[in-house]
Amino acid sequence: MSTLNMRADFEAIAKWIAPNSQVLDLGCGDGSFLEFLQKQKPVHAYGVEIDDAGVLSCVHKGLNVIQQDLEGGLALFGDDSFDTVVLSQTLQTIHQTEKILREVVRVGKESIVSFPNFGHWSHRLAVGLGRMPVSKSLPYQWYNTPNVRVLTVDDFEKLASSLGLKVIDQCILHDGQQVTLMPNFFGSLALFRVRSA
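Residues numbered from 1 in each chain as written. Predicted model: local features only at pLDDT ≥ 70, side-chain atom pairs only at ≥ 80, totals over all residues. Heavy atoms only, no water.

## Regarding the overall build of the protein chain
Within the protein chain, the secondary structure is distributed over 8 helices and 8 strands. The C-alpha radius of gyration computed for the protein chain amounts to 16 Å, which stays within 12% of the reference 16 Å derived for 197 residues, consistent with globular compactness. Considered along the principal axes of its C-alpha atoms, the protein chain spans approximately 45 × 40 × 30 Å. Counting over 197 residues, the protein chain shows a buried share of 46%. Intrachain contacts of the protein chain at a sequence separation of at least 6 include 62% that bridge at least 24 residues. Positive and negative charge centroids in the protein chain, built from 17 and 21 side chains respectively, lie 4 Å apart. (Helix = DSSP H or I, 4+ residues; strand = E, 2+ residues; numbered from the N terminus. Rg over C-alpha atoms; globule rule 2.2 N^0.38 Å. Buried < 20%, exposed > 50% of the residue type's maximum accessible area, 1.4 Å probe, protein only. Contact = heavy atoms within 4.5 Å. Lys, Arg positive; Asp, Glu negative; His and termini not counted. Charge placed at Lys NZ, Arg CZ, Asp CG, Glu CD.)

This is how it looks when you write it as structure tokens:
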């Protein structure tokens, strides 16, 4: 299975990133997105990851990576250090959500945030039937999930507004296809392009 099939948001995120720009991928995991991005266009890409195996995988792929816990903030980086900061399917694993979003838009001229949409109809149905949802976008059981937060498209929009973030663009996906009709109900994966207002 190709990386693109595993992570439908990669292509959508890459479309928002300009060639030859400075990109920082926070919570970059094994470097799959950075590797994908560098195959799509020339960029100056860097990753931040806490997991030893993820950092090692990035190094083996020849990627620039810093081992750091995002919960501590991004003090290593100055204001507007990067053209784009990516927080791809990592927001829901962060305890200090507001702090990391403020840091993301401080460090990046623009930022891209993606997350599984807990508001998808199948997740609502599962909860209505008395179970925590398990799906492609939320693949873990309640007891072994790395997610510490669940949020919806509407929740993110409200939080962004309260933090003074400007939403430049958004793309809501389900099974790799863009959803435009009732995206908070039919979309399973949300992508937002934001910056400081």
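## Some thoughts on the nonpolar core
Leu26, Leu91 and Phe156 are the most contacted members of the largest nonpolar core, which totals 29 residues. Counting residues per element, this core draws most heavily on helix α5 (residues 97-107), which supplies 5 residues. For phenylalanine 156, the contacting residues outside a window of four places in its chain are Leu91, Leu101, Val113, Phe115, Leu151, Phe192 and Val194. Counting residues in each nonpolar core, the second largest holds 22 residues, with Phe10, Leu34, Phe36 and Ile112 among its members. (Core = buried A, V, L, I, M, F, W, Y, C linked by side-chain atoms within 4.5 Å.)

## Overview of unusual backbone geometry
The phi dihedral of aspartate 80 falls on the positive side, at around 50°, and the residue is not glycine. By relative accessible area, aspartate 80 is classed as partly exposed at 44%.

## Some thoughts on a nonpolar patch on the surface
A cluster of nonpolar residues, Trp121, Leu125, Leu129, Leu181, Met182 and Phe186, forms a patch on the protein surface that exposes about 640 Å² of accessible area. Looking at where tryptophan 121 falls in the secondary structure, it is placed in helix α6 (residues 121-128). (Patch = residues over 30% accessible without salt bridge, like charges linked within 9 Å, V, L, I, M, F, W, Y side chains within 5 Å. Areas by Shrake-Rupley, 256 points an atom, 1.4 Å probe, with all protein chains shown as cover. Salt bridge = Lys/Arg side-chain N within 4 Å of Asp/Glu carboxyl O.)

## Focus: the environment of leucine 76
Mapping leucine 76 onto the fold places it in the loop between β3 (64-67) and β4 (82-88). In this structure, the C-alpha to C-alpha distance between leucine 76 and valine 107, residues 31 residues apart in sequence, is 9.6 Å. Once you skip the residues sitting within four places of it in the chain, leucine 76 turns out to touch Ile66 and Gln68.

## Considerations on the pattern of salt bridges
In this structure the tally under the stated criterion is 7 salt bridges. Ionic pairing is found between aspartate 79 and arginine 106, a salt bridge with its closest N-O pair at 2.9 Å. Taken together, the residues span a long stretch of sequence, with aspartate 79 in the loop between β3 and β4 and arginine 106 in helix α5 at a distance of 27 residues. Accessibility expressed as a relative area gives 23% for arginine 106, which makes it partly exposed. Across the pair glutamate 110 and arginine 193 runs a salt bridge whose closest N-O atoms are separated by 2.8 Å. With a gap of 83 residues between them, glutamate 110 in strand β5 (residues 108-116) and arginine 193 in strand β8 (residues 189-196) connect regions that are remote in the sequence. Assessed through its relative accessible area of 18%, glutamate 110 is described here as buried.

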